[in-house]
Amino acid sequence: MARRVAVTGVGLVCSVGTGTEECWLAVREGKNGIQPITQFDASAFTCRIAGEVKNFDPLKYVDKKDVKKMGRFIQFAVAASEFAVASAAIEFPPEEAERAGVYIGSGIGGFEVIEREHKILLERGPSRISPFFIPSCIVNLASGYVSIKYDAKGPNSATATACTTSAHSIGDSFRLIQHGDADVMICGGAEACITPMGVGGFAAMRALSTRNNEPHRASRPWDKDRDGFVVGEGSGILILEELEHAKRRGAKILAEIVGYGMSSDAHHITSPPDDGDGGYRVMRNAMRDAGIEPSQVQYVNAHGTSTGQGDLAETIAIKRAFGDHAAKLAVSSTKSMTGHLLGGAGGLEAGFSVLAIRDQIAPPTMNLDNPDPDCDLDYVPNKARPMDIDCVVSNSFGFGGTNGCLVFRRYKP
């Protein structure tokens with residue numbers, strides 16, 4: 001019989017705050033972190049706005065000698081992991097080291113490092129490339145550094161499945177604990193690709209909002225006037241524990257993770273099918289894994305990127321997955337405030353989902369001023385909603401048609 005898995009810690013870093021409670025309070029209050037880009041000169045770009053993490057000081061979380069060895073996404077992951085570990089009030093004694101693992105992914109990794117070192121190569125030659133170039137940018141080094149920090153000698157892995165990365169990292173960690181390969185997992189994702197190539201690449205696809213004069217209003221999921229997503233950065237990390245392990249140490253259990261689903265659109269490299277089939281199947285699979293009926297879910301933290309086709313497809317998918325109960329769901333997209341963290345999005349939003357259960361409040365979808373008539377669910381417009389939340393579904397959908405869904409439930413002894 002599969003073991004039960006508790007969520008005992010949440011660590012968050014994003015454009016609305018650095019630290020779990022700061023981020024969560026900002027989202028509950030509908031604060032927006034999207035502003036003009038400051039990390040590079042974006043004046044020539046069609047999109048000049050992003051959800052940057054402001055005033056982030058890596059020296060608070062990383063030794064000075066190690067900062068230059070880490071891409072920004074790794075720094076975010078280390079910081080968020082520190083917040084998660086503090087939230088869980090957990091220690092990692094040597095005798096349990098082999099039962100603790102790390103599974104942190106990134107959709108792109110150290111993009112700013114690649115751009116910087118490529119420029120050095122062209123301008124100064126190959127002999128001037130940093131010896132820290134490769135380890136500071138490859139995706140699995142976020143997991144590597146965190147495992148070293150906590151002497152976690154169990155499973156150590158990373159995913160890179162575009163915008164579904166974090167959901168897969170958390171879901172796979174759930175499975176590792178369920179099946180006895182670990183007792184504790186530090187898991188989630190991180191991203192830092194607010195760079196010329198990152199923003200320029202998505203802009204070339206015409207995927208980004210160009211509402212540059214109204215950055216706070218640019219990310220507007222399900223709104224008729226939406227014109228694309230806004231890139232964000234940061235990290236979301238959970239501490240998952242085998243339930244009996246958590247109980248033995250007297251941990252405060254924030255929620256229980258009870259279901260994980262995966263699916264593929266098998267349709268197009270960037271666009272979902274019009275009928276939302278992949279999204280429908282991944283939610284169906286996750287609820288089936290959790291052993292719950294659709295009527296038992298109260299809140300869906302949606303992928304909700306603010307793209308025309310994606311928002312509509314997810315609406316259709318939710319209606320298919322939940323049937324008549326879809327009209328009774330609260331559905332919201334916190335990307336309306338944080339921007340889209342790409343590979344880090346699912347970790348951030350899983351954290352918000354867990355905190356929604358803890359505090360019994362559904363965060364809002366901001367900027368939903370002129371609802372698209374084809375997107376007609378209850379999207380918790382513009383104001384957080386206190387409500388009874390027993391069960392939450394968290395969606396993540398990525399390029400390549402890869403989908404992940406997590407189900408969290410209020411802990412019941």
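Cut-offs used in this document
In this numbering scheme, every chain counts its residues from 1 along its sequence in written order. At least 70 in pLDDT is required for a residue's local features to be given in this predicted model, at least 80 for side-chain atom pairs to be given and counted, and no such filter applies to totals for whole chains, interfaces and linings, which use all residues. Side-chain numbers come from the whole structure's heavy atoms, not from hydrogens or water. Secondary structure is summarised from DSSP: a helix means a run of H or I of at least four residues, a strand means a run of E of at least two, and numbering begins at the N terminus for each. Residues are treated as being in contact if the distance between any of their heavy atoms lies within 4.5 Å. Relative accessible area decides the class of each residue, using a 1.4 Å probe on protein chains only: under 20% of the type maximum gives buried, over 50% gives exposed, and in between gives partly exposed. We call two strands paired when DSSP finds no fewer than two bridges between them. The definition of a nonpolar core used throughout is a set of buried Ala, Val, Leu, Ile, Met, Phe, Trp, Tyr and Cys residues joined through side-chain atoms within 4.5 Å. We define a salt bridge as a contact between a side-chain nitrogen of Lys or Arg and a carboxyl oxygen of Asp or Glu at a distance within 4 Å. Any pair of Phe, Tyr and Trp rings, taking the six-membered ring for Trp, is counted once the centres come within 6.5 Å. Such a pair is stacked with planes under 30 degrees apart, edge-to-face with planes over 60 apart, and tilted for the rest.

Participant: So what's going on with the environment of glycine 180? Which residues, and what values?
Facilitator: Along the chain, the position of glycine 180 falls in the loop between helix H7 (165–178) and strand S7 (184–191). In the structure, glycine 180 is positioned 98 residues away from glutamate 82 in sequence and 25 Å away in space, judged by C-alpha atoms. If near-sequence neighbours (up to four positions away) are discounted, glycine 180 is found in contact with Arg3 and Arg99.

Participant: Give a description of unusual backbone geometry that names residues and reports values.
Facilitator: Trans is the common state for peptide bonds, and a negative phi is the common state for residues other than glycine. The phi torsion at alanine 162 lies on the positive side, around 55 degrees, for a residue other than glycine. Assignment of secondary structure puts alanine 162 in the loop between strand S6 (156–157) and H7. Positioned with a positive phi, arginine 206 is a non-glycine residue whose angle comes to about 60 degrees. Looking at the element boundaries, arginine 206 is found in the loop between helix H8 (196–204) and strand S8 (234–242). A relative accessible area of 78% means that arginine 206 is categorised as exposed.

Participant: Describe the pairing of strand S14 (residues 391–398), and please don't skip the residues or the numbers.
Facilitator: Summarising burial for S14: eight of the eight residues are buried, a large majority. Alternating residues of S14 divide into Cys391, Val393, Asn395 and Phe397 and Val392, Ser394, Ser396 and Gly398, and every residue in both groups is buried. Taken together, the eight bridges between S14 and strand S15 (residues 402–409) define a ladder with antiparallel strand orientation. Each residue of the ladder has a partner; that of phenylalanine 397, found in S15, is asparagine 403. Here S14 hands over to S15 after three residues, with glycine 400 in that stretch at a positive phi of 85 degrees.

Participant: So, the nonpolar core: which residues are in play, and what are the values?
Facilitator: By size, the foremost hydrophobic cluster in this structure holds 47 residues, and its most contacted members are Ile170, Leu238, Leu240, Ile257, Ile389, Leu406 and Phe408. Considering every element that reaches this core, the biggest residue donor is helix H13 (residues 345–359), with eight residues. Aside from chain neighbours lying at most four places away, what touches leucine 240 is Val5, Ala6, Val7, Ile170, Ser173, Phe174, Ile177, Asp183, Val184, Met185, Cys187 and Ile257. If you look at the next biggest cluster of nonpolar residues, it comprises 34 residues, including Val53, Val78, Ala88 and Ala192.

Participant: Describe in detail the pattern of salt bridges, supporting the description with residues and values.
Facilitator: Under the criterion given, the structure shown has 33 salt bridges. Across the pair glutamate 21 and arginine 358 runs a salt bridge whose closest N-O atoms are separated by 3.0 Å. Separated by 337 residues along the polypeptide, glutamate 21 in helix H1 (residues 20–28) and arginine 358 in helix H13 bring together distant segments of the chain. Of the charged contacts in the structure, one is a salt bridge between glutamate 349 and lysine 335, with a shortest N-O distance of 2.9 Å. One end of the pair, glutamate 349, is in helix H13; the other, lysine 335, is in helix H12 (residues 335–338), and 14 residues separate them in sequence.

Participant: Let's hear about the environment of asparagine 32: which residues, and what values?
Facilitator: With respect to the helices and strands, asparagine 32 occurs in the loop between H1 and strand S3 (35–36). Asparagine 32 sits in the buried class, given a relative accessible area of 17%. Note: C-alpha distance between asparagine 32 and serine 15 (17 residues apart in sequence) is 8.0 Å. In this view, asparagine 32 contacts Val16, Pro215, His216, Ser336, Met337 and Asn367; residues no more than four positions away in its chain are not counted.

Participant: Which residues make up the packing of aromatic side chains, and what values go with them?
Facilitator: In this structure the tally under the stated criterion is nine aromatic pairs. Between phenylalanine 92 and tyrosine 150 the ring centres are 5.4 Å apart and the planes differ by 45 degrees, which places this aromatic pair in the tilted class. In this pair, phenylalanine 92 is assigned in the loop between helix H3 (72–88) and strand S5 (100–105) and tyrosine 150 in helix H6 (residues 141–150), connecting sequence segments 58 residues apart. Taken together, a centroid distance of 4.1 Å and an interplanar angle of 10 degrees make the contact between tryptophan 222 and tyrosine 379 stacked.

Participant: Lay out the pairing of S7 in plain terms, naming residues and giving numbers.
Facilitator: Among the eight residues in S7, eight count as buried, and that is most of the element. Burial along S7 is two-sided: the residues Val184, Ile186, Gly188 and Ala190 and Met185, Cys187, Gly189 and Glu191 are all buried. Taken together, the six bridges between S5 and S7 define a ladder with parallel strand orientation. Paired with alanine 100 across the strands is valine 184, a residue of S7. Where S7 meets S8, eight bridges bridge the pair, whose relative direction is antiparallel. Paired with valine 184 across the two strands is glutamate 241, which belongs to S8.

Functional significance is not addressed by these values, which are geometric in nature.
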